[in-house]
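Analysis of the macromolecular model
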Amino acid sequence: MLNPEADTTALDDSFLETVTIHNREYQQYSIENLVYFVPVDDDEIERLLTMHNVLTRAFDNRLIFPPLPRPRRILDCGHGSASWAIAVAAEYPRCEEPLGSGISNSYADNNNGLTFPSHNFDLVHSQMVANGIHVNRWTNYTRDMFRVTRPGGWCQMVELYYNVQSDNGSLTEGHALRQWSSRYLESHEGLKDLRVPLRLPALMREAGFVDVEHQMIPLHTCAWSSDQRLSAIGAVHRESVQSFLSSMAIYPFTERLGMTIQDAHLLIAQARIEADNPAFKAYFPLYVCIGRKSRSRR
């Protein structure tokens, strides 16, 4: 049994301090250091749990995509609500790391580098971290993941692209839902690279990974599909969409773009109506990318 304290960093009390802005609770450290503009309150935790349910359905209950039948050491970089880590620990109980029931999910600031030893993990998992990774950090972030992956091990990355699309082309730049996406991307310019989901394969190859594969999965904003499975996924994702159109946008719209809270609420309300309209056949693209570290690389 490994030492439970190995490869971990004590959590500074300052990371637990919160600040309330527009009736939502944020991590004060993240706001002050321009790290993360999404709330950390109970409503957001509930949304993250819903999103885990969406991904579980969209991935047909697959937690790990690379061919790893018996992984022993797993690092989860995008910890979030810990839903993925908990599910993986239950499915792979023989993982050696005792922390998190087999998942090494201790606190680590992904922007300052991964402190784990090199060649250490069978799988490094990074999910939904684009909102928190600094714009100039991505090259070194993927290199860090490559470094801590053991030869023959794998990396798995999952990111949602917040540039909403329409399956039938009916959404235009004049629609509130498209305006929401445009302003959301604009509000993070210079700080975050929210277009990074499009670059995951290139980043992984540049870091040194081989056998890189990627796929885009359209996550419908409501149950508009005639396909029963996709309709069921869309129905669950609707809950997350209706929530994040507000929770993820309130701070950057008002504090980064200078919108009044009234204008922000109006745009969000209009975007919610359009996201819920099956006629638009709207979806947010979800990108999944995996890559292997060659057994000859050290």
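Refer to the structure presented above.
Summary of the structure given here.

Reading the values: rules and limits
- Every chain is numbered on its own, with residues counted from 1 as its sequence reads.
- Per-residue local features of the predicted model are confined to residues with pLDDT of at least 70, and side-chain atom pairs are confined, for both listing and counting, to 80 or more; whole-chain, interface and lining totals are unaffected and use all residues.
- For side-chain calculations, the full set of non-hydrogen atoms in the structure is used, while hydrogens and water are omitted.
- By definition, any uninterrupted DSSP run of H or I lasting at least four residues is a helix, any uninterrupted run of E lasting at least two residues is a strand, and each is numbered from the N terminus.
- Here's how the labels work: a residue is buried when its accessible area is under 20% of the maximum for its type, exposed when over 50%, partly exposed in between, all with a 1.4 Å probe on protein chains only.
- For this analysis, residues touch if any pair of their heavy atoms sits within 4.5 Å.
- For patch building, the residue pool is restricted to those with more than 30% relative accessible area and no salt bridge; the joining distance is 9 Å between like charges and 5 Å between nonpolar side chains (Val, Leu, Ile, Met, Phe, Trp, Tyr).
- Surface accessibility in these figures is a Shrake-Rupley result with a 1.4 Å probe; residues are shielded only by whichever protein chains are displayed.
- Throughout this description, the term salt bridge denotes a Lys or Arg side-chain nitrogen within 4 Å of a carboxyl oxygen of Asp or Glu.
- Only four residue types enter the charge count, namely Lys and Arg as positive and Asp and Glu as negative; His and the chain termini do not.
- Positions of charges follow a simple convention, taking NZ of Lys, CZ of Arg, CG of Asp or CD of Glu.
- Within this scheme, the nonpolar core is defined by two criteria: the residues are buried Ala, Val, Leu, Ile, Met, Phe, Trp, Tyr or Cys, and they are joined through side-chain atoms within 4.5 Å.
- Given a helix with a known number of residues, its expected span is that number minus one, times 1.5 Å.
- Fitting one axis to the seven residues ending at a residue and another to the seven starting there, the bend at that residue is the angle between the two axes.
- Here a polar contact is taken to be a pair of N or O atoms separated by no more than 3.5 Å, where protein atoms must pair a possible hydrogen donor with a possible acceptor and residues adjacent in sequence count only if both atoms sit in side chains.
- In summary, the pairing rule links any two rings of Phe, Tyr or Trp, Trp by its six-membered ring, whose centres are within 6.5 Å, and it sorts them by plane angle into stacked for under 30 degrees, edge-to-face for over 60 and tilted for everything else.
- Here, over-ring charges are defined by two tests on the NZ atom of lysine or the CZ atom of arginine: distance to the ring centre within 6 Å, and angle to the ring normal within 35 degrees.
- Strands were regarded as paired on the criterion that DSSP finds at least two bridges between them.

On to unusual backbone geometry. Even without a glycine there, the phi angle at Leu-34 is positive, about 55°. Within the fold, Leu-34 resides in the loop between α1 (28-32) and α2 (42-58). Given the relative accessible area of 34%, Leu-34 is considered partly exposed. The phi torsion at His-119 lies on the positive side, around 55°, for a residue other than glycine. Its place among the elements puts His-119 in the loop between α3 (83-91) and β4 (121-127).

With that settled, consider the side chain of Ser-83. As for its placement among the helices and strands, Ser-83 is situated in helix α3. Excluding residues within four positions of it along the chain, Ser-83 makes contact with Leu-49 and His-52.

A cluster of like negative charges, contributed by Glu-25, Asp-42, Asp-43, Glu-46 and Glu-239, occupies part of the molecular surface. Relative to the elements of secondary structure, Asp-43 occurs in helix α2. Judged by its relative accessible area of 53%, Asp-43 is exposed.

Here the focus is the nonpolar core. Taken as a class, soluble globular proteins show a tendency for nonpolar side chains to be buried jointly. Counting residues in hydrophobic clusters, the biggest one holds 83 residues, and the most contacted among them are Phe-59, Trp-138, Trp-180, Leu-219, Phe-244 and Leu-245. Tallying contributions element by element places strand β8 (residues 282-292) first for this core, with seven residues. Excluding residues within four positions of it along the chain, Trp-138 makes contact with Val-129, Ala-130, Ile-133, Met-157, Glu-159, Asp-193, Val-196, Arg-199 and Leu-203.

What follows covers helix α7 (residues 228-247). The terminal C-alpha atoms of α7, which comprises 20 residues, lie 29 Å apart, in line with the 28 Å expected from a rise of 1.5 Å per residue. Along α7, the helix axis deviates most sharply at His-237, where the bend reaches about 30°. Listed in full, the buried residues belonging to α7 are Ser-231, Ile-233, Gly-234, Val-236, His-237, Ser-240, Val-241, Gln-242, Phe-244, Leu-245, Ser-246 and Ser-247. Taking the backbone nitrogen of Arg-229 as reference, a side-chain oxygen 3.0 Å away marks Asp-227 as the first, capping residue of α7.

A full pass over the atoms with the stated rule returns 14 aromatic pairs. Ring geometry for Trp-180 versus Tyr-184: centroids 4.9 Å apart, planes at 10°, classification stacked. Taken as a pair, Trp-180 and Tyr-184 lie in helix α5 (residues 176-187) at a separation of four residues, close to a single helical turn. In terms of burial, Trp-180 and Tyr-184 fall into one category: buried. Here the aromatic residues Tyr-162, Trp-180, Tyr-184, Phe-244, Phe-253 and Phe-284 are joined through ring pairs into a cluster of three or more. When the ring centre of Phe-121 is taken as reference, the NZ or CZ atom of Arg-73 above it lies at 5.5 Å. Above the plane of the ring of Phe-146 lies Lys-293, whose end atom (NZ or CZ) is 4.7 Å from the centre.

Quick look at the pairing of strand β2 (residues 24-27) now. Put simply, side chains in a regular strand alternate between the two faces of the sheet. Pairing between strand β1 (residues 18-21) and β2: four bridges, direction antiparallel. From the neighbouring strand, Thr-20 faces β2, where its bridge partner is Glu-25. Where β1 folds back on β2, the antiparallel hairpin that results is connected by two residues, among which His-22 adopts a positive phi of roughly 50°.

Assignment of secondary structure puts His-175 in the loop between β6 (165-166) and α5. There is a polar contact of 2.9 Å between the side chain of His-175 and the backbone nitrogen of Thr-172.

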